[in-house]
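Observations on the model geometry
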Amino acid sequence: MNQNFNQLQGRFPQLGCWVFLLISFWVVGAIGITGIIKSIFALVLFLLLAPVLGFWALQFWVKRNLVEGSCPVCNQPLTGLKKMKIPCPSCGTEVMATEDGFERVSADGVIDVQVVDTQTSVVDVSDTATTIDVEVQRLPEAEV
Ligand SMILES: [Zn+2]
């Protein structure tokens, strides 16, 4: 079939062009000139609406992924995108935005401890300053 067509094209080099014209006329006849105008109009409408729809989609995405919270170290109000690490503009601590707020990102080998239960006691700070001695040791880096 295809070979026959090639043979025909070999005999009549202009046939491809005529076939194209014939198909074009057939398409115009089938869907009509108004149909073509309508489809062009639809295309223009789509091109005009695409940026608006894109903007809506972006806004929707931002709303779903935007996290508002505060720095766990200094309580500075922060805004960031989910799973994005940002340094706190106030204290410089690297924090990561999660589903329910911001979490401190700790470096490898550092265990972040959160105080869960503390007993509040009335300490008279007027005459003696309370000092808590904390020993900090840097662990040797693990061999890779
Ligand atoms: Zn901070």
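Before reading on, note that the structure itself is shown above.
Everything in this summary refers to the structure shown in the same document. Just so you know, the residues in each chain are numbered from 1, in the order the chain's sequence is written. Residue-level local features of this predicted model are given only where pLDDT is at least 70; pairs of side-chain atoms are given and counted only at 80 or more, and the full residue set underlies all totals for whole chains, interfaces and linings.

What follows covers the overall build of the chain. Helix and strand counts for the chain come out as 2 helices and 5 strands. Ordered by position from N to C terminus, the α and β elements of the chain give α-α-β-β-β-β-β. Partly exposed residues are those whose C-beta has more than 12 but fewer than 20 other C-beta atoms within 10 Å; 20 or more makes a residue buried and 12 or fewer makes it exposed, with C-beta atoms placed from the backbone. The buried share of the chain, taken over its 144 residues, is 3%. Whether two residues are in contact is decided by their C-beta atoms, placed from the backbone, lying within 7 Å. Sequence separation of 24 or more characterises 18% of the internal contacts of the chain that already satisfy a separation of 6 or more. By definition, any uninterrupted DSSP run of H or I lasting at least four residues is a helix, any uninterrupted run of E lasting at least two residues is a strand, and each is numbered from the N terminus.

Here the phi dihedral of N75 falls at roughly 65°; this positive angle occurs in a residue that is not glycine. Mapped onto the secondary structure, N75 falls in the loop between β1 (66-70) and β2 (77-81). Phi at K83 is positive, roughly 60°, even though this residue is not glycine.

Within soluble globular proteins, side chains that are nonpolar tend to cluster in buried spots. Membership of the largest hydrophobic core is limited to 5 residues, which are C71, L78, V95, A97 and F102. Non-local contacts of A97, meaning those with residues more than four positions away in its chain, are made with V67, G80, L81, K82, K83, M84 and F102. For this analysis, nonpolar core means a set of buried Ala, Val, Leu, Ile, Met, Phe, Trp, Tyr and Cys residues linked through C-beta atoms within 7 Å.

With that settled, the discussion passes to helix α2 (residues 15-65). Take the residue count of a helix, subtract one, and multiply by 1.5 Å to get its expected span. Given a rise of 1.5 Å per residue, 51 residues ought to cover 75 Å, yet the end C-alpha atoms of α2 are separated by just 58 Å, more than 12% below that figure. Considering bend angle alone, the principal kink of α2 is centred on G32 and spans about 90°. Of all 51 residues in α2, 0 are buried, a share of ten percent or less. The angle separating two fitted axes, one through the seven residues that finish at a residue and one through the seven that start at it, defines the bend at that residue.

To continue, consider the sheet that holds strand β4 (residues 94-98). Strands sit in the order β3-β4-β5 across an open sheet of 3 strands; the sheet is antiparallel. Each edge of the open sheet carries a strand with a single partner, namely β3 (85-87) and β5 (101-104). Adjacent strand axes in the sheet meet at a mean angle of 40°, parallel and antiparallel pairs treated alike. Paired strands, in this sense, are two strands between which DSSP finds at least two bridges. The pairing of β4 with β5 spans 4 bridges and is antiparallel. When the sheet's bridge partners are listed, T98 is paired in β5 with G101. What counts as an axis is a line fitted to C-alpha atoms, over the stretch in contact for a helix, and the angles between N-to-C directions run from 0 to 180 degrees.

This part takes up the pairing of β2. Both faces of the sheet carry side chains from a regular strand, because those side chains alternate between them. Where β1 and β2 come together, 5 bridges link them in antiparallel fashion. Bridged to S70 within β2 is P77.

A one-sided burial pattern is seen for β4, the buried positions being V95 and A97 and the unburied ones E94, M96 and T98. By the bridge criterion, 3 bridges tie β3 to β4 in an arrangement that is antiparallel. The partner of K85 across the bridge, within β4, is M96. Here β3 folds back onto β4, and the loop between the two strands holds 6 residues, one of which, G92, carries a positive phi near 85°.

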